[in-house]
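Coordinate inspection notes
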Amino acid sequence: MKKQLYLLLMSFIALLLLSNCSTNTKSNKSETSGSNLKVIKDVDIYHMLIIEDIDPGRVFFHVSLSETLPLDADKEILPANLTQKKYTLTDKERKLFMKMAGIAEDAYFWIYDYTNNQLYSYPILSAEATAILDYYRSHRSPPYETRDYRIGFKLPQELLPRFRSNYDLLVSITKDNPFAQEQLTPLDWRLIPNANYPDTGPDKLSNRNYGNVPKYLKSYMANANNMTFYVQDYVDEQHPQLLDIYKIFERELLVVDKEGKTLFKRRMYQSEGTSLVGLNNYHDYKNQKFQWAGQLFKDLPPVVFGFEWFSFSCKGLDFIVPYRDGIDFKCDNRY
């Protein structure tokens, strides 16, 4: 009897130890409430630039990794007093750059066109490690400072015809493909009566006050992926000459499940560096879709994005989880 109790006790302890173990990865992970999905807090998603102003008559893609490098890494990687606008790293410089950026030589570029659900891969071994002069430094006379360069990779020109633009592309640099390749859904908004917008508690927009501006709310709803998405905007109708996006003081995004339980809520604000994006079906860009939702990554919660434009930082996405959890894309947006 004592032996059986001892074995039961040891089995229980072993189960506890196993449940507390986690796989060693680069990312910090945390369980989502009521789900075995995990949220990776430091997923690196890059923005791919189309470079047209460096080589006359030649256009190429460039992915900058300068944001992932330690402070002043450019001084260690690049030689001083460069005079050219595009510099190809030597083998030694490339090796140091890859080490400091935390990129493995057997990694791939995973380039995902989420509007068409198309994925392209390209081995990093075949990519040219390149430093290009930042656009906002190009008016200066050489020699240039190392901090004036974006250090990253030039992708081959044959990739260009595959993409309509660089705006709908997400780039990951990893060994394995992180994308689920399940077609994201553009949110098809429709205007609804304010009374149909869920009550979000005492901090709801209808309780907000913007001074002498009359309180005017607009509410919208969209359905996608077995979820209901709501947006409510606090707008200024006193200035009809303004574009609709500049009339919005504050916006609330709310996502609920089939039972009406809140999955995600977030507030967004108009500011000097942030503009709220017009909703699909309610902006001046014809058939262009900005707001998307769905399963973007493998084994991660669904995402929603496309509500803000930024002047001094990069756009990003939100995971649809009860607490605020999202990532900003790395676009090397410098001025």
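Residues numbered from 1 in each chain as written. Predicted model: local features only at pLDDT ≥ 70, side-chain atom pairs only at ≥ 80, totals over all residues. Heavy atoms only, no water.

**What about the overall build of the protein chain?**
A count of helical and extended segments in the protein chain gives three helices and 22 strands. Here the protein chain, with 335 residues, has 46% of them falling under the buried criterion. Summed over its atoms, the accessible surface of the protein chain is roughly 18600 Å², and 51% of this surface lies on carbon and sulfur atoms. (Helix = DSSP H or I, 4+ residues; strand = E, 2+ residues; numbered from the N terminus. Buried < 20%, exposed > 50% of the residue type's maximum accessible area, 1.4 Å probe, protein only. Areas by Shrake-Rupley, 256 points an atom, 1.4 Å probe, with all protein chains shown as cover.)

**Quick notes on the packing of aromatic side chains**
Enumeration over the complete set of coordinates arrives at 14 aromatic pairs. Where Phe179 meets Phe297, the ring centres are 5.8 Å apart and the plane angle is 20°; that geometry is what we call stacked. On the criterion of sequence distance, the pair formed by Phe179 in the loop between strand 10 (169-174) and strand 11 (185-186) and Phe297 in the loop between strand 18 (292-294) and strand 19 (303-305) is long-range, its members being 118 residues apart. Judged by centre distance (6.1 Å) and plane angle (90°), the ring pair of Tyr234 and Phe249 falls under edge-to-face. (Phe/Tyr/Trp six-rings, centres within 6.5 Å; stacked < 30°, edge-to-face > 60°.)

**Quick look at the sheet that holds strand 5 (residues 86-88)**
Two strands in a sheet stick together by hydrogen bonds in their backbones, pointing the same way (parallel) or opposite ways (antiparallel). If you trace the five strands from one edge of the open sheet to the other, you get 3-4-9-8-5, paired in antiparallel fashion. Either end of the sheet is taken by a strand with one partner, and the two such strands are strand 3 (48-51) and strand 5. The sheet shows a mean angle of 40° between the axes of neighbouring strands, taken without regard to direction. Here strand 8 (residues 128-133) runs beside strand 9 (residues 149-155); their pairing, made up of six bridges, is antiparallel. Its bridge partner lying in strand 9, Ala131 is registered against Ile151. The sheet contacts of helix 3 (residues 91-101) involve strand 5, strand 8 and strand 9, and relative to strand 9 the element is tilted by about 100°. (Pairing = 2+ DSSP bridges. Axes fitted to C-alpha atoms, helices over the stretch in contact; angles between N-to-C directions. Contact = heavy atoms within 4.5 Å.)

**Things to note about the pairing of strand 15 (residues 248-256)**
Note on strand geometry: in a regular strand, side chains alternate between the two faces of the sheet. A large share of strand 15 lies buried, amounting to eight of its nine residues. Note that strand 14 (residues 227-235) and strand 15 share eight bridges and pair antiparallel. Paired with Tyr230 across the strands is Leu254, a residue of strand 15. Counted between consecutive antiparallel strands, the loop separating strand 15 from strand 16 (residues 262-269) contains five residues, among which Gly260 sits at a positive phi close to 85°.

**Considerations on empty space enclosed by the protein**
Rolled over the atoms, a probe as big as a water molecule pinpoints where empty space is left. Taken as a whole and judged by the stated rule, the model has one cavity of 30 Å³ or more. Roughly 30 Å³ of internal volume is contained in the largest cavity. Together, His47, Leu49, His62, Val63, Ser64, Arg150, Lys330, Cys331 and Asp332 line the largest cavity. Residue contributions to the lining of the largest cavity peak at three residues, all from strand 4 (residues 60-64). (1 Å grid on protein atoms, 1.4 Å probe; cavity = no way out; pocket = protein on both sides within 12 Å on 5 of 7 lines; lining within 4 Å. Points joined across faces, edges and corners; volume = space filled by probe spheres on them.)

**Some points on the confidence of the model for the protein chain**
Residue-level pLDDT values for the protein chain average 83, and 84% of them are 70 or greater. A low-confidence stretch, residues 1-38 stays under pLDDT 50, and its non-local contacts, those more than four residues away or across chains, total 32 contacts. (pLDDT = per-residue confidence, 0-100.)

**Some details on the sheet that holds strand 10**
Read across the open sheet, the three strands follow the order 7-6-10; overall the sheet is antiparallel. Two strands lie at the open edges of the sheet, namely strand 7 (118-123) and strand 10, each paired on one side alone. Neighbour-to-neighbour, the strand axes of the sheet open up by a mean angle of 20°, direction not taken into account. One ladder, built from six bridges, connects strand 6 (residues 108-113) with strand 10; its direction is antiparallel. Looking at the pairing, Asp113 lines up with Leu169 of strand 10.

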